[in-house]
Protein chains: 2
Amino acid sequence: MSKIKALIRKRPKSDPSKAISVNSDNQNTNNTSIDAASKGHTVNTPIEQTRWNGWGNININKKVSAHGAKLIKSHIGKTKKLSSVSLQQVLKTVPKSRLPVAMTELDTVSVDNEVRLRHARGQSFPDWIAMQGGDFEVFPDGVAFPESTADVEALLKLASEHDLIVIPFGGGTSVAGHINPQKGSRPILTIAMSKMDQLIDLDSESQIATFGAGTQGPAVEAQLDAHGYRLGHYPQSWELSTLGGWIAARSSGQQSLGYGRIEQMFAGGTLVTPQGVLNIADFPASAAGPDLREMMMGTEGRAGIFTTVKMRVQPQPEEELFKVAFLPNWAAGKEVLRQAVQKNIQLSMLRLSNAVETDAHLHLGTTPSQFMAISTYLKARGLSSKKVMLTYGVSGDKAQNKLALTQFNKLLKQHGSVTGKITDIMGSVWAHGRFKFPYLRGTLWEKGIMVDTFETATNWNHIDEQMQQMQEAVKNALADEDENVMAFTHISHVYKQGASLYTTYFFRAAKDHASTLSRWQKIKHAASSSLANGTATISHQHGIGRDHAPYLAAEKGKLGLQVTSDMLKSLDPEQRMNPGVLIED
Amino acid sequence: MSKIKALIRKRPKSDPSKAISVNSDNQNTNNTSIDAASKGHTVNTPIEQTRWNGWGNININKKVSAHGAKLIKSHIGKTKKLSSVSLQQVLKTVPKSRLPVAMTELDTVSVDNEVRLRHARGQSFPDWIAMQGGDFEVFPDGVAFPESTADVEALLKLASEHDLIVIPFGGGTSVAGHINPQKGSRPILTIAMSKMDQLIDLDSESQIATFGAGTQGPAVEAQLDAHGYRLGHYPQSWELSTLGGWIAARSSGQQSLGYGRIEQMFAGGTLVTPQGVLNIADFPASAAGPDLREMMMGTEGRAGIFTTVKMRVQPQPEEELFKVAFLPNWAAGKEVLRQAVQKNIQLSMLRLSNAVETDAHLHLGTTPSQFMAISTYLKARGLSSKKVMLTYGVSGDKAQNKLALTQFNKLLKQHGSVTGKITDIMGSVWAHGRFKFPYLRGTLWEKGIMVDTFETATNWNHIDEQMQQMQEAVKNALADEDENVMAFTHISHVYKQGASLYTTYFFRAAKDHASTLSRWQKIKHAASSSLANGTATISHQHGIGRDHAPYLAAEKGKLGLQVTSDMLKSLDPEQRMNPGVLIED
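Note on numbering: residues in each chain are counted from 1, in written sequence order. Labels follow written order: the first chain is A, the first ligand is 1, and so on. Only residues with pLDDT of at least 70 get local features here, since the model is predicted, and only at 80 or more are side-chain atom pairs given and counted; chain-wide, interface and lining totals rely on the full set of residues. By convention in this description, side-chain values take in all heavy atoms of the structure and omit both hydrogens and water.

What follows deals with the overall build of chain A. A count of helices and strands for chain A gives 21 helices and 18 strands. Taking 2.2 N^0.38 as the reference for a compact globule, 585 residues should give roughly 25 Å; the C-alpha atoms of chain A span a radius of gyration of 24 Å, in line with that estimate. Projected onto its principal axes, the C-alpha coordinates of chain A cover approximately 70 × 65 × 50 Å. In chain A, which comprises 585 residues, the share counted as buried stands at 64%. When contacts within chain A are restricted to residue pairs at least 6 apart in sequence, long-range pairs at least 24 apart make up 77% of them. Looking at chain A as shown, the accessible area adds up to about 20,900 Å², and 52% of this sits on carbon and sulfur atoms. Considering chain A, the positive charge centre built from 63 side chains and the negative charge centre built from 55 side chains are found 7 Å apart. A run of DSSP states H or I qualifies as a helix once it reaches four residues; a run of E qualifies as a strand once it reaches two. Both are numbered from the N-terminal end. Radius of gyration: C-alpha atoms only; globule rule: 2.2 Å multiplied by the number of residues to the exponent 0.38. Buried, partly exposed and exposed residues are distinguished by accessible area as a fraction of the type maximum, computed with a 1.4 Å probe on protein chains only: under 20%, between the cut-offs, and over 50%, respectively. We call two residues in contact when some of their heavy atoms are within 4.5 Å. Calculation of accessible area relied on Shrake-Rupley with a 1.4 Å probe; when residues are assessed, cover is drawn exclusively from the protein chains displayed. When charges are counted, Lys and Arg are positive and Asp and Glu negative, with His and the chain ends excluded. All charge positions are set by atom: Lys at NZ, Arg at CZ, Asp at CG, Glu at CD.

All names here are of chain B. Taking strand neighbours across the sheet as the criterion, the four strands line up as β2-β3-β5-β4 in an open arrangement whose pairing is mixed. Each having just a single partner strand, β2 (109-110) and β4 (165-169) make up the two edges of the open sheet. Two strands pair under a simple rule: DSSP has to find at least two bridges between them. Here strand β3 (residues 142-144) pairs with strand β5 (residues 188-192) via three bridges, running parallel. Its bridge partner lying in β5, G142 is registered against L189. Note on method: axes are straight lines fitted to C-alpha atoms, helices fitted across the in-contact stretch only, with angles between N-to-C directions ranging 0 to 180 degrees. Relative to β5, helix α7 (residues 149-161) is tilted by about 175 degrees, and along the sheet it contacts β2, β3, β4 and β5.

Attention now goes to the relation of the copies chain B and chain A. Here the copies were fitted onto each other by least squares, based on C-alpha atoms from residues at pLDDT of at least 70 in both. For the pair chain B and chain A, the relating rotation is 180 degrees, the translation along its axis is 0.0 Å, and the fit reaches an RMSD of 0.0 Å. Considering both components of the superposition, the chain copies are consistent with a two-fold axis. Nearest to the rotation axis, the C-alpha of M567(B) is located 2.5 Å from it, this being the minimum over chain B. Mapped onto chain A, 100% of the interface residues of chain B are again interface residues, and the two copies thus contact each other with one and the same surface.

Looking now at the interface of chain B and chain A. Contact residues are listed per partner, giving 89 residues for chain B and 89 residues for chain A. Throughout, buried area stands for the accessible area (probe radius 1.4 Å) lost by two parts on being put together, summed over both. Surface buried jointly by chain B and chain A totals about 6,400 Å² across both partners, of which 52% is contributed by carbon and sulfur atoms. Per-residue buried area on chain B facing chain A is highest for P284(B), A287(B) and Q497(B); these three make up 11% of the total on that side. Any Lys or Arg side-chain nitrogen located within 4 Å of an Asp or Glu carboxyl oxygen qualifies as a salt bridge. Between chain B and chain A we count two salt bridges in total.

Here we take up helix α16 (residues 398-414) of chain B. Taking 1.5 Å of rise per residue, the 17 residues of α16(B) would be expected to cover 24 Å, and the 24 Å separating its terminal C-alpha atoms lies within 8% of that figure. Looking at α16(B), one finds that the buried residues are Q400(B), N401(B), L403(B), A404(B), L405(B), Q407(B), F408(B), L411(B) and L412(B). Against α16 (398-414) of chain A together with β13 (319-327), α13 (330-342), β14 (349-353) and β15 (388-396) of chain B lie the buried residues of α16(B). The term polar contact refers here to a pair of N or O atoms within 3.5 Å; inside protein, the definition further demands a hydrogen-donor-capable atom paired with an acceptor-capable atom, and it admits residues adjacent in sequence only when both atoms are side-chain atoms. At the N-terminal end of α16(B), a side-chain oxygen is found 3.0 Å from the backbone nitrogen of A399(B), two or three residues along, and the residue is D397(B). A positive phi of about 80 degrees marks G416(B), the residue just after α16(B). Given the number of residues in a helix, its expected span is that number minus one, multiplied by 1.5 Å.

Okay, the UniProt feature "binding site: FAD" (unreviewed entry) in chain A next. Residues and elements named next belong to chain A. Residues given the UniProt feature "binding site: FAD" (unreviewed entry) here are P168, F169, G170, G171, G172, T173 and S174. Within the secondary structure, G170 is located in the loop between β4 (165-169) and β5 (188-192). On the secondary structure map, T173 appears in the loop between β4 and β5. Discounting residues that sit within four places of it in the chain, T173 has contacts with W55, Q123, S237, L240 and S241. UniProt positions are given in the numbering used here, feature names are shortened, and annotations may be inferred rather than shown by experiment.

Before going further, it helps to examine the nonpolar core. In this description, a nonpolar core means a group of buried Ala, Val, Leu, Ile, Met, Phe, Trp, Tyr and Cys residues linked to one another through side-chain atoms lying within 4.5 Å. Judged by nonpolar contacts, the single largest core of 222 residues is most densely connected at M296(A), M311(A), F408(A), M296(B), M311(B) and F408(B). Ignoring sequence-local partners within four residues, the contact set of M296(A) consists of L271(A), L278(A), I280(A), A303(A), F306(A), M567(A), L571(A) and V563(B).

Turning our eyes to something else, we now look at the UniProt feature "domain: FAD-binding PCMH-type" (unreviewed entry) in chain A. When the UniProt feature table is mapped to this numbering, "domain: FAD-binding PCMH-type" (unreviewed entry) covers residues 131-316 of chain A. Secondary structure content for residues 131-316 of chain A is 24% helix and 26% strand, while the C-alpha to C-alpha distance between its ends is 39 Å.

Right, let's talk about the domain arrangement of chain A for a bit. Many structure descriptions define interface size as the accessible area lost when the parts assemble. Residues and elements named next belong to chain A. Reported domain spans reflect what an automatic or database domain assignment gives. Considered domain by domain, chain A is made up of domain 1 (199-315), domain 2 (319-434) and domain 3 (438-542). Just the C-alpha atoms count here: the centres of domain 2 and domain 3 sit 23 Å apart. For the pair domain 2 and domain 3, the summed buried area comes to about 1,500 Å², and 65% of that belongs to carbon and sulfur atoms. Taken together, the connections running from domain 2 to domain 3 amount to one salt bridge. Between K334 and D464 there is a salt bridge, and its shortest N-O distance comes to 3.1 Å. For the pair domain 2 and domain 3, the number of links is eight residue pairs in polar contact (both at pLDDT 80 or more). Mapped onto the side of domain 2 that touches domain 3, the elements with two or more residues apiece are α13 (330-342), β14 (349-353) and α14 (355-364). Top element by residues in the side of domain 2 that touches domain 3 is α13. It accounts for six residues.

The predicted coordinates ought not to be read in detail in places where the model reports low pLDDT. All names here are of chain A. Summary of the metric used: pLDDT quantifies the predictor's per-residue confidence within the range 0 to 100. Averaged over every residue, the pLDDT of chain A is 93; the share at 70 or more is 93%. pLDDT under 50 marks residues 1-19. Its contacts with residues more than four places away, or in other chains, come to 40 contacts. Note that pLDDT drops below 50 for residues 23-38; the model gives that stretch 36 contacts with residues more than four away or on any other chain. Per the prediction output, this complex has pTM 0.94; the corresponding ipTM is 0.94.

What follows concerns the pattern of salt bridges. One side chain can pair with another of opposite charge once the charged atoms of both are near each other. Residues and elements named next belong to chain A. In the structure shown here, the tally under the stated rule is 54 salt bridges over all chains. A salt bridge links D585 to R302; its shortest N-O distance comes to 3.6 Å. Note that D585 is positioned in the segment after α21 (553-571) and R302 in the loop between α12 (292-296) and β11 (305-312), a separation of 283 residues in sequence. It is possible to trace a salt-bridge network through shared partners that takes in R250, R261, E263, D291, R293 and E294.

With the exception of glycine, most residues fall at negative phi, and the peptide bonds are largely trans. Phi at E137(A) takes a positive value of approximately 70 degrees, unusual for a residue other than glycine. Assignment of secondary structure puts E137(A) in the loop between α6 (125-133) and β3 (142-144). Positive phi, close to 55 degrees, is recorded for R250(B), a residue that is not glycine. Topologically, R250(B) is positioned in the loop between α9 (243-249) and α10 (256-259).

Residues and elements named next belong to chain B. Among the eight residues in strand β11 (residues 305-312), six count as buried, and that is most of the element. Examined bridge by bridge, strand β7 (residues 208-212) and β11 share five bridges and lie antiparallel to one another. Of the residues in β11, the one forming a bridge with I208 is R312. With six bridges joining them, strand β9 (residues 266-273) and β11 adopt antiparallel strand pairing. In the sheet register, G269 faces β11, and the bridge partner there is V309.

Here is the structure:
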């Protein structure tokens, strides 16, 4: 029997002395301490309940409507599914571990083939090709499951003694190649943080929650909700991604407008580095030199591993609403977004799909009769094929929400919006299904439709030009093969200064996995090159990993890369932490 | 005749091709370009209009009421003024410049004695002792006045060729020893940024204003106001301090609650380092690794010199109000602050004086009859000597302000507030005089009353204990001399997580300058030690300089200091930029 279940199911020992302490003179909660008995339950999703070769929980699927698939094929042509290998086939390709015997005997370390396989790949397109095609290339030589900061310290010490490469692993949801082991002579130890998934302390006066960094999104919120609190960080990967991963790769969630990016939520914590433990103090603010928090956020495992993290949380909102409106065209929608944020209207989210995405969204998420009803409704109100869908939300105090909605509705009307009962329902539907979108990739994969995304952020005065460049780049990327690529874009994070742009594209699988990967590589290069112009960042929310590293110099400059690299070397002089990620070697 | 006037008055050449470009499809302004003729006027305060040996404009004084001075003396005892030297006396002590002759002949460099003297000291207490006592110790060997990024590049290149120490100089307002030349064999070149004081570009769509980094507060706002915009950064030093100084030392202004700290305003820009120009891209947000902005903010001149900076600005507020309320005691006031910020009430500022500061403030800023009127009013409404003064403000959209004031007034009432016409007037008086407080130091100095401040930030759950510790530390610091120190504290920056604490203290001048400095050193050490406990930062808004550097390790840790130091060395391997500042050598 595979060692995986035993390993994953082994929970932190329930030690009453480690019971969560809740400092609560806040009127929102009357708890003063939490019964130790309520601790120790499984809160992260056990890895054996996730797909070994795709996204998410094995029990969850998301269907694609027939007219949705037809729409995509009308752009890219007839498709054919790529073959898939079985888990058993891939397990046979896992080589013998190169870890020193002394390490394989540790309680915290597994060299089980399935464990190694399940920690070898993330969720990038090349990862999918590898997982579905069965060519994993490289596996970690072992996977460690530390339960404490001291465990991680011990592991890094052993890694130094045995000259190992170390790869930190959170939820394994990277779409940019953050956790992939690379060929090389040094054995590779992946350190999976899945057992550090507990709320350790809640200071309700200062609204600071201390967590194990391996806690996944749902486990974060469930443990906070038990005390009436919320973090409010909802990236698309929320179901599986972790606090440590969000911090290490500078994540941003769907309600960043209201709750902030992870940078605003991360107050401090513990980073275990090859040079020792870096304790990052959790001050509300400080003028004491460069900010260690900001120096370490985004290091993507190259400086060390976050073990415990202090997060700024807040009481559950009194009210939370999500709504949809349609605007006549992109220009009107963009103007509504820009003015709303610059006028400081207190919304929790703003998202604007361009016309092609709006059309695709209406197709993909509806039955034919629903689609007809919505289309008829919108057409009757004067909206053409240029119409754009705007999703917005409020989350917080009722009176503040009311003012925000009043001010925002005025802005919407000034720009020709269409809203009504049907759009309100669409808002609720969006909210309900918002973490299911990643499941679409598997559904489309089965149909031979390849899908990937890329994203950026730029200032308002570059938004239109940048969106145009991004879409043109990917649409034309397979011109040499006479292949069409379908692309559409949305804005999902807005700032007074500018916004994010998120482009989704579809293309046909080629005759085999390798040639399909080659198509993706052409598109990826075209997409990334369209960003490497000094005014748009290579990533607003996905991070750099290995896939974006070649394009980082365009925005940081040679000197910017050098100072970043020197900073990392200060903590990891032997370059054993995730080499090649973030900055190319 | 001194070279200083000619140097300072020489303005950037008015070159029509360099006219400010205003990109304005924002409805707030119809300008599309600014007439070159409107440029080139003096906007910074000419240095010869400032005090060479104290704070501020030579034409401005702030009086202290007799009963205010009496109150202080009732705490510390009878006082006697220290002697002061004349400018002419100090000029005689300026040694010959050690700059290489080739550099002294440059248009941009002055070796004039008065120019060197006026750039030798800041506004820390030791600086005042030096300036008033006439013992400057060290002067820069020359002062450069670059007019462009290229000028700064050229100067740093020369500094490298001639092995000079370089000290960046903004407004000269440091209270922590940031700009003081130190004894040593290498000649010292101070680079004063006063000529780079122009608004260069305004992108009103993205609300980004590009400035020369040497622009002082009033010049920033005057140039923005001409286009209907505002930065909104108002530190107490605003009259003289500069954008570059705020960024380099992580400043925070009076309305940080509404407008953010300088960290939220600084979008990117140009830092000239000994290794070359570091261009920091001005993205709205990015997940592309550690944030170069945050790595370079707070470097206090040790990494390089900011030359042009891109700032996030916004339209002038529709309405701005400042008000005062009194609460029965500190606990009530603190609770109002914490709840207001945690409930997301959209105020622009919150400031709470403790009971001793409230009493002192009521004495110092009033005539005896005003004092009597206010005291009687408050006493009649049941407030005792434990009462605390709370100053608050709104700045922005009228409807948002209205809701904020409604919500805040409710909170105030719940905690037993006293407000009325008289407190509204006090709010206006505070707003009107808020940049005049630094002038008090000179007025008190003349009376033999020494005054200094220190400040921190900590989480809400540590606020009371920390305030207690800070005040006790300074009050007892001169116990060995049987001297009393008067101390009081306010909160002036609030965050969901915690707040700043700002303590002002008064003590008697000793028999001479040296023994007075020795008194200050004891108090400073006691104050700083009370912060070096891991839960409070050594500075929330003043920065580190030389005075706080010995206490930095307590919050950054040895490893935190090392990674910061290594990052700086990456850009300044020869350690010629402001050595000893931020991190002790």
